[in-house]
Amino acid sequence: MNIREVQVTFDCADPAALAGFWCELLGYQVQPPPAGFDSWDAALDAWGVDAKERNSRSAATPPDGASGPRLFFQRVPEGKAAKNRVHLDVRTAPGIAGDERMAALEAEADRLLGFGATRVRRVDPDGRMETGFVVMQDPEGNEFCLD
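Calculation notes
Residues numbered from 1 in each chain as written. Predicted model: local features only at pLDDT ≥ 70, side-chain atom pairs only at ≥ 80, totals over all residues. Heavy atoms only, no water. Phe/Tyr/Trp six-rings, centres within 6.5 Å; stacked < 30°, edge-to-face > 60°. Helix = DSSP H or I, 4+ residues; strand = E, 2+ residues; numbered from the N terminus. Buried < 20%, exposed > 50% of the residue type's maximum accessible area, 1.4 Å probe, protein only. Contact = heavy atoms within 4.5 Å. Polar contact = N/O pair within 3.5 Å; in protein donor to acceptor, adjacent residues only side chain to side chain. Expected span 1.5 Å × (residues − 1). Pairing = 2+ DSSP bridges. Axes fitted to C-alpha atoms, helices over the stretch in contact; angles between N-to-C directions.

### Remarks on the packing of aromatic side chains
Alright, step 1. Applying the stated criterion to the full structure yields 7 aromatic pairs.
Alright, step 2. When the ring of F10 is compared with that of W22, the centres are 5.1 Å apart and the planes differ by 45°; the resulting orientation is tilted. Taken together, the residues F10 in strand β1 (residues 7–12) and W22 in helix α1 (residues 15–26) connect sequence positions 12 residues apart. Pair check on accessibility: F10 and W22 agree, each one buried.
Alright, step 3. Taking the centre distance of 5.9 Å and the plane angle of 85° together, the rings of F21 and W22 count as edge-to-face. W22 matches F21 in its accessibility class, with the two residues each being buried.
Alright, step 4. Among the aromatic residues, those joined into a cluster by ring pairs are F10, F21, W22, F73 and F144.

Set out below in structure tokens:
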């Protein structure tokens, strides 16, 4: 069987800002410019990209040596209209249970509020199947869970 890499693509209004938010959340970095260029502006200048198209896309990647999917952000004209059918669960408190887990999730939720996230709801552990999580939205309303 052939294992394939995955890229997660976000439709959005402000690719640079949303890429920055997800870099902060995941510990990613904005994708570095191509070889031979000191900055993205230098690359875009060399390619003749018009100023109004400079924020039409952005990407975030794991830092060197880390693994994870590339995140791609593309500007689209329409806004988000409904709940996501697919969302990311961000493993914020792996191996932690109960009150300690929920405190770690709440601390991360509070930190992300400062970067433009919105808290949607908290689901507490139920002692059976549910371990607890916090539902959030990024600055453009895309749902994700702190898990």
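Here the narrative resumes.
### Describing the environment of Q7
Alright, step 1. Note on placement: Q7 falls in strand β1.
Alright, step 2. The class of Q7 is partly exposed, set by a relative accessible area of 38%.
Alright, step 3. Sequence spacing of Q7 and P69 is 62 residues, and the spatial spacing of their C-alpha atoms is 5.3 Å.
Alright, step 4. Dropping the residues within four chain positions of it, Q7 is found in contact with R70 and F72.
Alright, step 5. Within the structure, Q7 has its side chain in polar contact with the side chain of T9 (distance 3.4 Å).
Alright, step 6. A polar contact of 2.5 Å, which involves the side chain of Q7, links it to the side chain of R70.

### A closer look at α1
In an α-helix, one full turn covers 3.6 residues, which means residues spaced three or four apart are oriented alike.
Alright, step 1. Compared with an ideal rise of 1.5 Å per residue, which puts 12 residues at 16 Å, α1 spans 16 Å between its outermost C-alpha atoms and is within 8% of the ideal.
Alright, step 2. When we look at burial in α1, the residues that qualify are P15, L18, A19, F21, W22, C23 and L25.
Alright, step 3. G27 sits one or two residues past α1 and shows a positive phi near 75°.

### Observations concerning the sheet that holds β1
Alright, step 1. Read from one edge to the other, the open sheet built from 4 strands follows the order β1-β4-β3-β2, with strand pairing classed as mixed. Unpaired on one side and paired on the other, β1 and β2 (29–30) mark the two borders of the sheet.
Alright, step 2. Of the strand pairs in this sheet, β1 and strand β4 (residues 70–75) are connected by 6 bridges, and their pairing is parallel. Bridging from a neighbouring strand, V8 pairs with L71 of β4.
Alright, step 3. Across the face of the sheet, α1 comes into contact with β1, β2, β3 (57–61) and β4 while running at roughly 155° to β4.

### Focus: helix α2 (residues 40–47)
Alright, step 1. One side-chain oxygen of the residue at the start of α2 lies 3.5 Å from the amide nitrogen of D41, identifying that residue as S39.
Alright, step 2. Immediately downstream of α2, the backbone of G48 shows phi near 75°, a positive value.

### So, the environment of D11
Alright, step 1. Take D11: it is sitting in strand β1.
Alright, step 2. Judged by its relative accessible area of 41%, D11 is partly exposed.
Alright, step 3. Each C-alpha atom of the pair D11 and G132 lies 29 Å from the other, and the pair is 121 residues apart in sequence.
Alright, step 4. Sequence-distant contacts of D11, defined by excluding residues within four places in its chain, comprise Q74 and V76.

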